[in-house]
Amino acid sequence: SPTPFDGLDLFGQNTNPNRTVYVESLAPKLRHGWSPMFAVRGRLAKFIDAPEAEYFDFGSDPKEAFNILEKQPEQAELLRQEIRTLQKTRFGDAAFGNPMDAVLGQESLKKLGELGYTIPKPDPALPILSPTQLTPLYDQYYVALRLLARGKFQDAVGSCMLILSNSPRDGIILGVLSSALGALGHLDEAISRALDAASVQPRERHWLILAQWLLQKKDFVGFEIAMQQMIQIDPLDGEIAILRAQRALMDRQFDQAASLFDLARKNDPLRQGAASQAWLGETKLAQGDSEAARTLYEQALILEPLNVLALQGMAVIERQAGHVDRASEYLKKLCEARPSAVAYANELARLFALLDRREEAIKVMKDFVARNPNDVAGVGNLGNIYVETGNMEDAIVTYRKAMELDPQYAFARFNLAGVLNRVGEEDEAIIEYRKVIEMRPNHKESYKRLLIILIEQSRLDEALADVEQGAKNGGIDWKGLAENEGLDALTGDPRYQEIRSRLEGK
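Presented here is a report on the structure given in the accompanying data block. (Residues numbered from 1 in each chain as written. Predicted model: local features only at pLDDT ≥ 70, side-chain atom pairs only at ≥ 80, totals over all residues. Heavy atoms only, no water.)

### What about the overall build of the chain?
Condition: Under the scheme used here, helices are H or I runs from DSSP no shorter than 4 residues and strands are E runs no shorter than 2 residues, and both carry numbers assigned from the N terminus. Values of the radius of gyration come from C-alpha atoms, whereas the globule rule sets the reference at 2.2 Å times the count of residues to the power 0.38. For each residue, the accessible area found with a 1.4 Å probe, counting protein chains only, is set against the maximum for its type, and the residue is called buried under 20%, exposed over 50%, and partly exposed in between. Between two residues, a contact is recorded if the distance between any of their heavy atoms is within 4.5 Å. Here the open area of atoms and residues is found with the Shrake-Rupley method and a 1.4 Å probe, where only the protein chains shown may cover a residue. His residues and chain termini do not enter the charge count, which takes Lys and Arg as positive and Asp and Glu as negative. To locate a charge, take NZ of a lysine, CZ of an arginine, CG of an aspartate or CD of a glutamate.
Helix and strand counts for the chain come out as 26 helices and four strands. The globule rule puts the C-alpha radius of gyration for 506 residues at 23 Å, and the 31 Å found for the chain is more than 25% above it. Taking the principal axes of its C-alpha atoms as reference, the chain extends roughly 110 × 55 × 50 Å. Out of the 506 residues belonging to the chain, those deemed buried represent 44%. Residue pairs in contact within the chain that sit at least 24 positions apart in sequence constitute 51% of those at least 6 positions apart. Here the chain displays about 26900 Å² of accessible surface, and carbon together with sulfur accounts for 51% of that area. Each charge sign in the chain was given a centre, from 60 positive and 73 negative side chains, and these centres are 2 Å apart.

### Details of the packing of aromatic side chains
Keep this limit in mind: In summary, the pairing rule links any two rings of Phe, Tyr or Trp, Trp by its six-membered ring, whose centres are within 6.5 Å, and it sorts them by plane angle into stacked for under 30 degrees, edge-to-face for over 60 and tilted for everything else. Either the NZ atom of lysine or the CZ atom of arginine qualifies as a charge over a ring when it sits within 6 Å of the ring centre and within 35 degrees of the ring normal.
For the coordinates displayed, the defined rule picks out seven aromatic pairs. An angle of 75° between the planes, with centres 6.5 Å apart, marks the rings of Tyr-409 and Phe-411 as edge-to-face. On the accessibility criterion, Tyr-409 (18% relative accessible area) is buried. A cation over a ring is seen here: Arg-247 above Phe-220, with NZ or CZ 3.6 Å from the ring centre.

### Brief notes about the side chain of Asp-237
Spelled out, the test is: A 3.5 Å cut-off defines polar contacts: any pair of N or O atoms within that distance qualifies, except that in protein one atom must be a possible hydrogen donor and the other a possible acceptor, and neighbouring residues in sequence count only when both atoms are side-chain atoms.
Structurally, the position occupied by Asp-237 is in the loop between helix H9 (220-233) and helix H10 (238-250). A polar contact of 2.6 Å, which involves the side chain of Asp-237, links it to the side chain of Arg-205. A distance of 3.5 Å separates the side chain of Asp-237 from the side chain of Arg-271, its partner in a polar contact.

### Remarks on the nonpolar core
Side chains of nonpolar character tend, in soluble globular proteins, to be buried together. Selection rule: In this description, a nonpolar core means a group of buried Ala, Val, Leu, Ile, Met, Phe, Trp, Tyr and Cys residues linked to one another through side-chain atoms lying within 4.5 Å.
Residues Met-365, Leu-451 and Leu-490 are the most contacted members of the largest nonpolar core, which totals 74 residues. Tallying contributions element by element places helix H16 (residues 342-354) first for this core, with eight residues. Ignoring any residue separated from it by four or fewer positions in sequence, one finds Leu-490 in contact with Leu-451, Ile-455, Leu-460, Ala-463, Leu-464, Val-467 and Tyr-496. Ranked by size, the runner-up nonpolar core spans 48 residues in total, among them Cys-160, Leu-187, Ala-194 and Leu-208.

### Thoughts on the layout of surface pockets
Applicable threshold: Cavities and pockets were defined on a 1 Å grid built from protein atoms only: a cavity is a group of points that admits a 1.4 Å probe but offers it no way out, a pocket is an open group of points flanked by protein on both sides within 12 Å along at least five of seven lines, and a lining residue is one with an atom within 4 Å of any such point. Grid points are joined across faces, edges and corners, and a volume is the space filled by probe spheres set on the points. Amino acids outside the nonpolar list (Ala, Val, Leu, Ile, Met, Phe, Trp, Tyr, Cys, Pro) and the charged list (Asp, Glu, Lys, Arg) are all regarded as polar, and Gly is one of them.
Counted as a void, the largest pocket has a volume near 1800 Å³. Mapped onto the lining of the largest pocket, the elements with two or more residues apiece are helix H4 (131-149), helix H6 (171-183), helix H8 (206-216), H10, helix H12 (269-286) and helix H14 (308-320). Split by residue class, the lining of the largest pocket holds 24 nonpolar, 10 polar and eight charged.

### With respect to the pairing of strand E2 (residues 37-41)
Threshold: Only strands joined by at least two bridges in the DSSP assignment are considered to pair.
The pairing of strand E1 (residues 21-25) with E2 spans five bridges and is classified as antiparallel. Considered in E2, the bridge of Glu-24 is made with Phe-38. Here four bridges tie E2 to strand E3 (residues 45-49), and the two strands are oriented antiparallel to one another. If you follow Ala-39 over to E3, its bridge partner there is Ile-48. Linking E2 to E3, which pair antiparallel, is a turn of three residues.

### A closer look at the sheet that holds E1
What counts, and what does not: Think of each axis as a best-fit line through the C-alpha atoms, taken over the contacting stretch in the case of a helix, with angles from 0 to 180 degrees between the N-to-C directions.
Spatial ordering of the open sheet is given by E1-E2-E3-E4, a layout of four strands whose pairing is antiparallel. Single-partner strands in this sheet number two, and they are E1 and strand E4 (54-57). Shown here is a sheet whose adjacent strand axes are inclined to one another by a mean of 15°, direction ignored. Of the strands in this sheet, E1, E2, E3 and E4 are in contact with helix H2 (residues 73-91), which crosses E3 at around 70°.

### A few points about the pattern of salt bridges
Pairing between side chains of opposite charge can happen when their charged atoms approach one another. We count it as follows: Only one rule defines a salt bridge in this text: a Lys or Arg side-chain nitrogen within 4 Å of an Asp or Glu carboxyl oxygen.
Counting across every chain of the model gives 36 salt bridges. A salt bridge links Glu-318 to Arg-326; its shortest N-O distance comes to 3.9 Å. According to the relative accessible area criterion, Arg-326 is partly exposed, its value standing at 47%. Sharing partners across several salt bridges, the network here consists of Arg-205, Asp-237, Glu-239, Asp-268 and Arg-271.

### Points about the environment of Glu-77
By the secondary structure assignment, Glu-77 is in helix H2. With relative accessibility at 33%, the residue Glu-77 sits in the partly exposed group. C-alpha separation for the pair Glu-77 and Asp-49, spaced 28 residues apart in sequence, amounts to 9.9 Å. At 2.8 Å, the side chain of Glu-77 and the side chain of Gln-81 are in polar contact.

### Considering the side chain of Asn-307
Along the chain, Asn-307 falls in the loop between helix H13 (290-303) and H14. Of note is the side chain of Asn-307, whose polar atom sits 3.2 Å from the backbone nitrogen of Leu-309. Ignoring any residue separated from it by four or fewer positions in sequence, one finds Asn-307 in contact with Ala-274, Ala-275, Ala-278 and Leu-301.

### Quick look at the packing of H10 against H12
Definition in use: With respect to orientation, any angle under 35 degrees is reported as roughly parallel, any angle over 145 as roughly antiparallel, any angle of 65 to 115 as roughly perpendicular, and every other angle as oblique.
Relative orientation of the contacting elements H10 and H12 amounts to 10°, with a least axis distance of 10 Å. Classified by the interaxial angle, the pair formed by H10 and H12 is roughly parallel. Touching Gly-238, Glu-239, Ile-242, Gln-246 and Leu-249 of H10 are Gln-272, Ala-275, Ser-276, Trp-279 and Thr-283, all from H12.

### Section: helix H7 (residues 187-200)
So the rule is basically this: Helix span, expected: 1.5 Å multiplied by one less than the number of residues in the helix.
For H7, with 14 residues, the first-to-last C-alpha span of 20 Å sits near the 20 Å given by 1.5 Å per residue. Inspection of H7 places Leu-187, Ala-190, Ile-191, Ala-194, Leu-195, Asp-196, Ala-197 and Ala-198 among the buried residues, and these make up the whole buried set. At its buried positions, H7 is contacted by helix H3 (106-114), H6 and H8.

### Focus on the packing of helix H20 (residues 410-422) against helix H21 (residues 426-439)
Counted only if it meets this: Handedness of a crossing is defined here by the sense of rotation of the near helix relative to the far one, left-handed for an anticlockwise turn of less than a right angle and right-handed for a clockwise turn.
Running from N to C, H20 and H21 point in directions that differ by 160°, and their axes come no closer than 8 Å. Comparing their axes, H21 and H20 come out roughly antiparallel. Every pair of crossing elements has a handedness; the one defined by H20 and H21 is left-handed. Along its contact with H20, which presents Ala-410, Arg-413, Phe-414, Leu-416, Ala-417, Gly-418, Leu-420 and Asn-421, the element H21 presents Glu-426, Glu-428, Ala-429, Glu-432, Tyr-433, Lys-435, Val-436 and Met-439.

The structure is reproduced here in structure tokens:
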């Protein structure tokens, strides 16, 4: 360096080979609620001051595999005292953040409590956990982040809960858990976890996570409280403008939304550049300007090739323009960006089925099920694709697999009944429709299809009994039955008219 700066010249003549180097990490405390770590190392030994202290001898153990604290407590204590001395004389006492952090956010939390939200209370009895013990959890933290980024939200929830069972006041993980729960649509749980995270780490971006879910819940008062708190912490955070713009979009204030999205890009281009362009595209698309939206989506995808919002927008634009092949390419990328999102795989498969590209349609859903074998909706949708492509036997097997995964998955059973009827297994179809009705007593379509099969088999008395039971459960569409020519034998029977007169409207 051409200019002097604080430090030690390791090539200098007066370098002391017996010097010690001070080390500290406050990240475990600040990020995860664990103990901070301090250490001092010399040429021959290192001492780590933590709830589980460690002492290593480099001469006999250069890889630091064996903690010999109990064998050499005196030498370890000398290094512990050296840490204390260095902290007082050279580095200053450990600073765990601004002293105002203890009160930061308390007023906002109080206001949210007055709106009816449960605000967590500090628990002084919680132990300060040892980073040495909890190091494996740190790896699990990155697993949770990857799962969240890939859209595997349910798996991310499981990963977070595993960490929290050992590290209950881990603010970072509480924030990740809130994000995953919100993405799954569990808004109340997501808000609760975001409040937990904000109370533990009031200076972090958990307020933005909280604001996002409050906005989705359309609690605009709570949303504003969280946003004002975040503005105090970092007014130039681009997500503040993003969320305010989304609020403007709800009221169809397009010019205001566009201005705020642009502000997010200017204030925070590294974090919000792609998102702001994609949301600007959404704004233009909502205004009916698909060409301007296309340009903005494409700009977003240059910055972030797997930006979900931009890929969704491009798929919509290409589909509306009749460019189904181009739309399929964007849907493929959406499947790559969100490999656990059944909606994208299903849309792509149905698009291929529409184009009579049957093998590709089946492959999309089979690949999805291979990645997500316990996703009952994915298995059920694979069955739907088999039906659309004429593979009835495979559809029956697949629907039964979905019902094994979730016996209460009524839609798979309903679709199975329809296929069984199509292939001539009417008695089996009747059984399945009746099971659907047990789960969904007011499912009108199941009653209608069941009645059609019964009339085709001349089982009029059974059909009448089902009409009466269905009407009591709200499952009979009188008008729809009357308009169905296949049910003339039923609807023309005097007993049917008597049941209708007696129960209609009740």
